[in-house]
Each structure stands twice: as structure tokens, then as C-alpha cells.
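In case you want the letters, here they are:
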Amino acid sequence: MQITAEHVIKFIELVAARIKEQRDYLTRLDSAIGDADHGVNLDRGFTAVLTKLSSVADKDVGAILKTVGTTLVSTVGGASGPLYGTAFLRAGMATANRFELSGDELLAALEAALEGIQTRGKSTRGEKTMIDAIGPGVDALRAALAAGDDLLTALQKGVAACEEGMKATVPMLATKGRASYLGERSIGHQDPGATSAYLMASALLEVAQGA
Amino acid sequence: MKKLINAPENVVKEALAGMAAAHPDLLTVHYDPDIIVRAGAPKAKVGIISGGGSGHEPMHGGFVGYGMLDAACPGAVFTSPVPDQMLAATQAVNGGKGVLHIVKNYTGDVMNFEMAADLAAAEGIEVASVVTNDDVAVENSTWTAGRRGVGVTVLLEKIVGAAAEAGADLASCKALAEKVNNQGRSMGMALTACTVPHAGKPGFDLPDDEMEVGVGIHGEPGRRRVKVAAASEIAEMLAGPILEDLPFKRGDHVLAFVNGMGGTPLIELYLMYNELNKILTGNGISISRQLIGSYITSLEMAGCSFTLVKMDDELTKLWDAPVHTPALRWGM
């Protein structure tokens, strides 16, 4: 199978719906170790994204993702706005003029997104951030594709690794972002950014499975 | 949650509308992106802008006016503003002499200001930035996002605003801002938590008989949670780490800022100023200037912070220069 521009539109719509459903949960996670605004901010951003989707419905994957990125940058604020905004912008640049993505092209887009987040956030793995969910997910997807898995199977493995990575943030000590001010007290809480990243990954899988 | 609001999602815009109605002589409010711009600012000077999450009023919008900020960018409550706001503010105040961004050291603020500075630079506007990081409560800067920008931000905006008003160029404004940041240290404490309107409940639990020492301005935890103590002991807990850190020395002259977190009455702030004055006097440090009041707040949080800036003739002259904003006014 391939990921089409139509799938990407459905993926974004599903992310917006999941974020809205999980808004209070994300905010609750953030209030434990951050500043209690993650769910509200992302919901504001993806609600704005939904109003823009019709203008790119017939466009290539790159154009769709770039529109998502610029809209998030302009509406979310906080740290997650620049981070997710940059991620979608970079993924959009990697998929410019493409109407269908092979597994390798999807992988390249996700790698570009991850690198964008690391650069913008000056962060790396093990610091209790969204990178701890996205990084293992991208690794597992890459390994599965290299081993010859079909795209759907590879995505399942990637999302499973992403979920593991999200759960692995619970015992981590935060050293980036506002949670870092808690020091030892950040241990024992799941990172809200890793959680929203997993929500997005599972939405991508759900769309691929329905395709 | 009991608050004087209509709906949580409208708090920032409705408060901005109130500011616009109250101070048309000083400022103009633009919406989408939301920015507060000084009315009638001369264009032939360096533009000074700042911004950050709302909920810290009067910072920053209350400091827009003569001799301080040319524009402010208010984000959602406790959420950094977006790059569109800083870009619009930068464009609005740019008169060709460049624009200084005053940024408090929080991950989101720094990233959003960086993106805006890139966009402004792409338009050919010269932008310089200073990041304030004066909160000594953050002990381990290596393993955290670094020291937070708190009370020094207010004093820096006044001092650098005065320099820009007097015609200082962009490089001088940036150097001056760094000097104030480098010579200033702060620490705060909370007696109660605060409630972000859209969250609906307090950001953290603080039992009736405990206080958070070293709290951040979003209710971020500080160095430790301890039993509530006498004001004299609390003053020692805040002043001690500040004095040690710079360090402030015998014979120094300081600007002493006792700030309320939003829910603290002025009588308690003056009581704390009295304690601070005793501590400084005992250490041979003299207070040459002072500011007492709630200027960098955390919604309705009860508590206070101390900020000390080591002063010299240059800084004192700029501090004394006339200022006319909604929240600070003297000399005119």
C-alpha cells in the first residue's frame, strides 16, 4: 500500500478529533509536571488546522503538511507550537509534490520531522520529551521496512515502539522544558508531549488500517 | 473556581479590550495576532518589545508606553505567544534602528521568539535578543532548561526602555540589557497555588500549612516545600541565595524590588521590604532605589519574590528617567 494525500487529510482530521477527545487528559498530565496547557493549546491549534484543510484538499502531501505546520506555529504557542509546527513543516518539505508516499518516503518524512524537533528544541533522547516517543517509533519503522515488512506491518511495529517509548517516559528525570524544574519530582509522571506524539502516531496507523 | 470572567477562552481578549479602553493615550491594541503597541512612539529609535504568557499582569502590556516598551505580545494564560505576534510587533515598532526582543528564559518563549526573529530578519529588520534568567531557585542549570526569567525582566524593561528613548543604538541596548540581567538575581515563594482559567483547578496542591520556596511564576516548583514560617525567616530564605549567588558584597548599592505574586496585599509586601532592608543593612549593602508592588504576577497566587540588581551611576540614571506606562509612571 501507499499513503495517499487523501489518507493524510484523514489522518489530520483524526488527530484533531483525538486531541479534542483527549484534551483534558493531556492537560491533566501537563498539570502534574508542566503548566497545564498542553491539551488546550493543541486543541486550539488543530481546530484552526481543520478550518484550513479544505483549501489544500486537492493538493500534494507536502502542501497539506506545510499548511498544518504553519497553522500550528501560528496558533498553538508554548513549546509544543514551534516543535510540532516545525515537525509538520519539515515533513512537508520532505514530501513536496508527492501525492502518494511509499514506506521509505513516509519514513524519510518522519525522520525529517524528528530532526526538526531535535534541532528546534535543542533536545535529544532520554530527556523526557516527545522525542522519547517519536524516536523509538521511527527506529522501529525503519528496521521493519529494512527487514522487508509491508507498510502496514511496519507502521504497527513503529506505533507499538512509540507507545513503549511514551510509557518509558514515566520513570525518566526531565532535563528539558518546564518539567525540568521539578528535578526528581518529575519522575513517575508520563510526559504529555510524548503522549500527544503517540496519539498522532496511532491516528496514522488507524487511517492506514482503514485504507 | 471563582473568577471574574465570562468564559475562560475569552479572558485574554476581553482584558486587552479593557486595556485599550482605559489607556488610549498610551497604547493601541491590535487583534489576531494580538499585540499591544505604544501610541505615537517615535520611529527614530530602537524598538523595544517583549512578550510572554498572560496571567502575569501588569507585565508586559502594562509596561507599554513612554520610556519602557514599544510593544508587548500577550500569549494565552501561561502560554508563550506565537511567532506571528512577535513578528507583527517587530514590524509595528521598527523604524530602521532595529528592534530588541526581551525574552524570559522559558522553553516556549525562547523558541517562539527565535522563530519570529528569523522571520523578521528575512524581511530585513535588524533584531537583537536578550534572554533574562535571573531566578536563583533553579540550582542545576545543566540538567534543566536553565534559570527562569523573572523579576529582573521588569527592571530591565524600564532601564533599557529609558536608554532607547535617549537614543541608544541596538548594540548598546542589547549590551545594557545583558548587563542588567547579569547584575540581577531573584527568588520567589508561594503561599497558595493559582488557577489557570481554562484548567479550572489549581495548578498544584499546597497544603494550608506549607509554602513553596523558590516557586516560578507559573507555579513551577522551587527548591523545596516547607512549613509556613515567620516573614523574617522567609525573607532570609529568599535573600540568602540571592546574595550568595552574584555575590552581592558589602558596599554594593542595589535596586531592591519586592514583588507580589498577585494575591498578596501591599501591607505584607511592605512588611517583607522591611525584612529585606534589615538583611541588606546587616550585610553592608545599601538600597539606592526600590520598587514595591505586584508587577510580575501569577494570577491570584499569594506570595512574593525579591529581586536585587547591583546598581551603578549609569543604571541609576536610567532607572530615574521619566516613564509613563499604565503600571509604572514617574517624572512626567
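Details of the structure are given in the entry above.
Note that the structure is predicted; figures quoted are calculated from it, not measured. (Residues numbered from 1 in each chain as written. Chains lettered and ligands numbered in written order. Predicted model: local features only at pLDDT ≥ 70, side-chain atom pairs only at ≥ 80, totals over all residues.)

## What about the overall build of chain B?
Under the convention used in this document: Working definition: helices are DSSP H or I runs of at least four residues, strands are E runs of at least two. Numbering for both runs from the N terminus. Just to be clear, the radius of gyration here is over C-alpha atoms, and the globule rule we use is 2.2 Å times residues to the power 0.38. Our exposure labels follow a C-beta count within 10 Å of each residue's own C-beta, placed from the backbone: buried means 20 or more other C-beta atoms, exposed means 12 or fewer, and partly exposed covers the counts in between. We call two residues in contact when the distance between their C-beta atoms, placed using the backbone, is within 7 Å.
Of the regular secondary structure elements, chain B holds eight helices and 14 strands. By the compact-globule yardstick of 20 Å for 332 residues, chain B fits well, its C-alpha radius of gyration being 19 Å. Along the longest, intermediate and shortest principal axes, the C-alpha atoms of chain B span 50 × 50 × 40 Å. Taken across its 332 residues, chain B has 59% of its residues classed as buried. Taking as baseline every contact in chain B between residues at least 6 positions apart, the subset at least 24 positions apart corresponds to 72%.

## Let's talk about the interface of chain B and chain A
Short version of the rule: Think of it as three bins: nonpolar holds Ala, Val, Leu, Ile, Met, Phe, Trp, Tyr, Cys and Pro, charged holds Asp, Glu, Lys and Arg, and polar takes everything else, Gly as well.
With 27 residues of chain B in contact, the opposing surface of chain A contributes 25 residues. Every element with two or more residues in the side of chain B that touches chain A is listed here: β4 (71–77), α2 (83–93) and α3 (107–122) of chain B. Tallied by class, residues from the side of chain B that touches chain A come to 14 nonpolar, eleven polar and two charged.

## Section: the sheet that holds strand β5 (residues 99–104) of chain B
Residues and elements named next belong to chain B. Let me state the cut-off plainly: When DSSP locates at least two bridges between a pair of strands, those strands are taken to pair. Orientation is described by lines fitted to C-alpha atoms, with helices fitted over the stretch in contact, and by angles between N-to-C directions that extend from 0 to 180 degrees.
Across the sheet, six strands lie side by side as β1-β2-β4-β3-β5-β6; this open sheet has mixed pairing. Bordering the open sheet on either side are β1 (27–30) and β6 (127–132), each of which pairs with just one other strand. When strand polarity is set aside, the average angle formed by the axes of neighbouring strands in this sheet is 20°. The sheet contact formed by β5 and β6 spans six bridges and is parallel. For V99, the partnering residue across the bridge sits in β6 and is V127.

## Here we look at the packing of α2 of chain B against α3 of chain B
Residues and elements named next belong to chain B. Basically, it comes down to this: Each angle gets one of four labels, with under 35 degrees taken as roughly parallel, over 145 as roughly antiparallel, 65 to 115 as roughly perpendicular, and the rest as oblique. The sense of a crossing depends on the near helix, which, turned anticlockwise from the far helix by less than a right angle, makes the crossing left-handed and, turned clockwise, makes it right-handed.
Contact geometry for α2 and α3: axes closest at 8 Å, N-to-C directions at 45°. Relative to α3, the element α2 lies oblique. Once α2 is placed against α3, the crossing between them reads as right-handed. When α2 is examined against α3, the residues P83, M86, L87 and T90 are found in contact with a partner set consisting of N112, F113, M115, A116, L119 and A120.

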